[in-house]
Amino acid sequence: MLMTRGAAPLLRVESIVKRFRQGAATIDALQDASLTVDEGEFVAVMGSSGCGKSTLMHVIAGLTRPDSGRVLIGDQDLFSLSDRRLTKFRHERIGLVFQAFNLIPTLTAEANIALPLLAAGRSNAMEERLNDLIERIGLTSRREHLPDSLSGGEQQRVAIARAIVQDPAIVLADEPTGSLDSNNGQAVCQLLYELSQERRRTIIVVTHEPSVAAWADRVVVMKDGRVQAEFDASTRFEPQELAARYQAALHAPTSLPTPAV
Ligand SMILES: Nc1ncnc2c1ncn2[C@@H]1O[C@H](COP(=O)(O)OP(=O)(O)OP(=O)(O)O)[C@@H](O)[C@H]1O
Ligand SMILES: [Mg+2]
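Residues numbered from 1 in each chain as written. Chains lettered and ligands numbered in written order. Predicted model: local features only at pLDDT ≥ 70, side-chain atom pairs only at ≥ 80, totals over all residues. Heavy atoms only, no water.

Under the annotation held in an unreviewed UniProt entry, the protein chain carries the name ABC transporter-related protein and is attributed to Lacipirellula parvula.

Here it is in structure tokens:
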């Protein structure tokens, strides 16, 4: 099931292997994981607990060096960079969102969002973008609130705004709705969806929830440290239909073609 996609690939993950040593045991978290994602594409990554989804996100984010394989974002080979340059690249080009919102409790919503701008200094253009963003996430009236006084959904929208305030090429979200109720979860999905649709941002969301994956253009199914299968979801399946396709893909023999060299 080879998918022809229109745009140029923004992300290329090539044959990633990542092992963790735990005492005498070795855990093969990623075993030859490969994935290509186009600019502006919204991809959902699904798979059973422990199959390597978070490890893959950490590798794509440049937070974990793989034992072998390459990650290219645009033309940049992440792991050919020194640690210092990789950190700089990550701050400029990659937005990260996690299940725990990781907001700084003593800073207002606005200050949390603006945090990544501190290093660069807050220019007028950045000030404008910040205002835009706060309006876009629907938190104009809450910008001076501390995270504690925001709902979970609001906190996650702040975390997403913080992840995109630098205008990154790619946004990686690891179970961003995992600690939200379904209304707040859907609001977060809507925000990510709009980013991909209107602003051509590349989005990768790890999720266990079919109602979250249903927002994606494509669903990537991982198993045992590999991408086992993928299917097009751009026709916007109902969550139930998506769940059925996910189960079928998970249990089918590997359906990915061998990539042409
Ligand atoms: N830092 C680490 N040290 C040792 N083992 C690790 C480490 N990080 C992950 N692992 C192991 O690697 C495997 C993949 O973990 P990972 O967190 O990527 O799974 P996951 O698909 O995100 O699971 P979940 O859906 O539960 O979040 C697991 O067996 C996990 O125990
Ligand atoms: Mg995980």
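So, helix α2 (residues 83-93)
Definition in use: Relative accessibility decides the category of a residue: with a 1.4 Å probe and only protein chains considered, values under 20% of the type maximum give buried, values over 50% give exposed, and everything between is partly exposed. Per the convention used, a helix needs a DSSP run of H or I reaching at least four residues, while a strand needs a run of E reaching at least two, with both numbered from the N terminus. Arc definition: directions from the helix axis to the C-beta atoms. Contacts are residue-level and defined by heavy atoms, with any inter-residue pair within 4.5 Å sufficient.
Restricting attention to buried positions, one finds in α2 the residues L86, F89 and R90. Looking straight down α2, one finds that the buried residues subtend no more than 100° of arc, so they occupy a single side. On its buried side, α2 packs onto β4 (68-73), β5 (76-77) and β6 (94-97).

What to know about the pairing of strand β3 (residues 42-46)
Worth spelling out the cut-off: In this scheme, strands are said to pair when DSSP sees at least two bridges between them.
Here β3 lies mainly inside the structure; 5 of its 5 residues are buried. Relative to strand β8 (residues 202-206), β3 runs parallel, the two being bridged by 4 bridges. Paired with F42 across the strands is I203, a residue of β8. Sheet analysis places β3 next to strand β9 (residues 218-223), joined by 4 bridges and oriented parallel. Within the sheet, the bridge partner assigned to M46 lies in β9 and is V221.

Observations concerning unusual backbone geometry
For D32, which is not a glycine, the phi torsion comes out positive at approximately 65°. Topologically, D32 is positioned in strand β2 (residues 25-38). For D32, a relative accessible area of 43% translates into the label partly exposed. If you check the backbone angles, N102 has positive phi at about 55° while not being a glycine. Looking at the element boundaries, N102 is found in the loop between β6 and α3 (109-114). Given a relative accessible area of 45%, N102 falls into the partly exposed group.

A word on the side chain of T55
Mapped onto the fold, T55 is located in helix α1 (residues 53-60). Contact partners of T55, with chain neighbours within four places excluded, come to K18, F20, A29 and L30.

Looking at the site of ligand 1
Our working rule: We define proximity as follows: a residue is near a molecule or strand when any one of its heavy atoms falls within 4 Å of that partner. Under this definition, polar contacts are N or O atom pairs within 3.5 Å; protein pairs additionally need one hydrogen-donor-capable and one acceptor-capable atom, and for neighbouring residues in sequence, both atoms have to be side-chain atoms. Using a 1.4 Å probe, the Shrake-Rupley method yields the accessible areas, and only the shown protein chains count as cover for residues.
With respect to spatial proximity, 14 residues lie near ligand 1, and among them S49, G50, K53, S54 and T55 are the closest. One nitrogen or oxygen atom from the main chain of G50 is found 2.8 Å from an oxygen atom belonging to ligand 1. Protein coverage of the free-state accessible area of ligand 1, which is 630 Å², stands at 64%. Those elements that place two or more of their residues in the shell around ligand 1 are β1 (9-22), β2 and α1.

Comments concerning the sheet that holds β2
With antiparallel pairing, 4 strands are arranged side by side in an open sheet as β2-β1-β4-β5. At either end of the open sheet lies a strand with only one pairing partner, and these are β2 and β5. Note that β1 and β2 share 11 bridges and pair antiparallel. Bridge pairing in β2 links V13 to L35.

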